[in-house]
Amino acid sequence: MAIFKNNILEILDATQDERDILSSHPLYESINNIQHVRIFMEHHIFAVWDFMSIVKALQIQLTCTETPWVPKGNSISARLINEIVLDEETDVDPSGEYSSHFEIYLMSMAEAGANLHTINKFISSIEKGNTVTQALEDEHIPSPASKFVNETFNEIKDAPTHVLASAFTFGREEIIPELFTSIIKKISNNNKKSLRTFIYYLNRHITMDGDTHSQVAYKMMKQLCGDNNDKWMQSIDIAKKMLVARCQFWDGIYEAIQSSNQ
């Protein structure tokens, strides 16, 4: 069994191939007009929701979210996840008010003229008490999005905290390269107002998720795995699975864009 010394770097090395595939995926350069952006948004919004669900699952495991309150015993990891939740759930939106990143994304979809009905119906189904699997049975949900979210929830169901943390840290952070933002900015030259909020969201994503949150998440991983080799190996395994699932998701969006061209 491998003995981990520089744990974070070893996980990054172990997942380098998957991350390379994502960073150079043909999806990004296939997006050439506002209609392509809408197709991307109508798929990707489900991944944004999926991400929020992983964050909240971590918070539930690392902090006490019930009354009567009891201490959970790991104040460092609790503080780290609360910092991330604060930004993800109540960030500053373009108007200077507070909104979750999910809600900012919905704003950007409305501004761009993307279809909001499907994701709103999905959220309504969850609010009514349906399971994620039941809510995803809606035939209007894009198949790649449905498959992606189902796979995520299958992997994280009853998962120990360090596995959840790895899914969040290595399977979700630093996924969208700055190349994508530059492509969206070029398209916005002919759509001055319709992509303004989306560009704001992407800039926040790169600055916050790529820089601040990734460093916080690395600290959290070290706290949760410590010197336990088995935990680090399990963290590599889930990171790879999450990245492969994201690549398959990107493949599905790419195919949807190619089909729209035909």
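The structure this text deals with has already been given above.
To start, this report covers the structure provided alongside it. Predicted, not measured: the structure shown is a model, and the values here were computed from it.

Thresholds applied
Residues numbered from 1 in each chain as written. Predicted model: local features only at pLDDT ≥ 70, side-chain atom pairs only at ≥ 80, totals over all residues. Heavy atoms only, no water. Core = buried A, V, L, I, M, F, W, Y, C linked by side-chain atoms within 4.5 Å. Buried < 20%, exposed > 50% of the residue type's maximum accessible area, 1.4 Å probe, protein only. Helix = DSSP H or I, 4+ residues; strand = E, 2+ residues; numbered from the N terminus. Expected span 1.5 Å × (residues − 1). Arc of directions from axis to C-beta. Contact = heavy atoms within 4.5 Å. Polar contact = N/O pair within 3.5 Å; in protein donor to acceptor, adjacent residues only side chain to side chain. Salt bridge = Lys/Arg side-chain N within 4 Å of Asp/Glu carboxyl O. Axes fitted to C-alpha atoms, helices over the stretch in contact; angles between N-to-C directions. Parallel < 35°, antiparallel > 145°, perpendicular 65-115°, else oblique. Left-handed = near helix turned anticlockwise from the far one by under 90°. Nonpolar A, V, L, I, M, F, W, Y, C, P; charged D, E, K, R; others polar.

### Focus: the nonpolar core
- Within the largest apolar cluster, 81 residues are counted, with the highest numbers of intra-cluster contacts made by Phe198 and Met220.
- Among the elements that make up this core, the one with the highest residue count is helix H4 (residues 34–62) (16 residues).

### Regarding helix H9 (residues 143–156)
- Here H9 contains 14 residues, and its C-alpha end-to-end distance of 20 Å stays within 8% of the 20 Å for a straight helix at 1.5 Å per residue.
- Buried within H9 we find Ala145, Ser146, Phe148, Val149, Thr152 and Ile156. When H9 is viewed along its axis, its buried side chains cluster within an angular range of 165° and face the same direction. H9 presents Ser143 and Asn154 as exposed residues on the side facing more than 90 degrees away from its buried surface.
- Looking at the buried side of H9, the elements it contacts are H4, helix H8 (132–135), helix H10 (161–171) and helix H13 (229–261).

### Looking at the side chain of histidine 43
- Along the chain, the position of histidine 43 falls in helix H4.
- You can call histidine 43 buried: its relative accessible area is 7%.
- Only 2.9 Å separates the side chain of histidine 43 from the backbone oxygen of isoleucine 39, close enough to count as a polar contact.
- In contact with histidine 43, not counting residues within four places along its chain, are Pro142, Pro144, Ala145, Phe249, Ile253 and Ala256.

### Description of the pattern of salt bridges
- Applying the stated criterion to the full structure yields seven salt bridges.
- Ionic pairing is found between glutamate 18 and lysine 240, a salt bridge with its closest N-O pair at 3.2 Å. With glutamate 18 in helix H2 (residues 16–23) and lysine 240 in helix H13, this residue pair connects regions lying 222 residues apart in the sequence.
- Classification of lysine 240 as partly exposed rests on a relative accessible area of 29%.
- Salt bridges linked by common partners bring Glu155, Asp237 and Lys241 together as one network.

### Here's the deal with the packing of H4 against H9
- Relative orientation of the contacting elements H4 and H9 amounts to 15°, with a least axis distance of 8 Å. Classified by the interaxial angle, the pair formed by H4 and H9 is roughly parallel. As H4 packs across H9, the resulting crossing turns out to be right-handed. Each of His43, Phe46, Ala47, Trp49, Asp50, Ser53 and Ile54 in H4 lies in contact with H9, whose residues at this interface are Pro144, Ala145, Phe148, Val149, Thr152, Phe153 and Ile156.
- In terms of residue class, the contact of H4 with H9 is built from 10 nonpolar, three polar and one charged.

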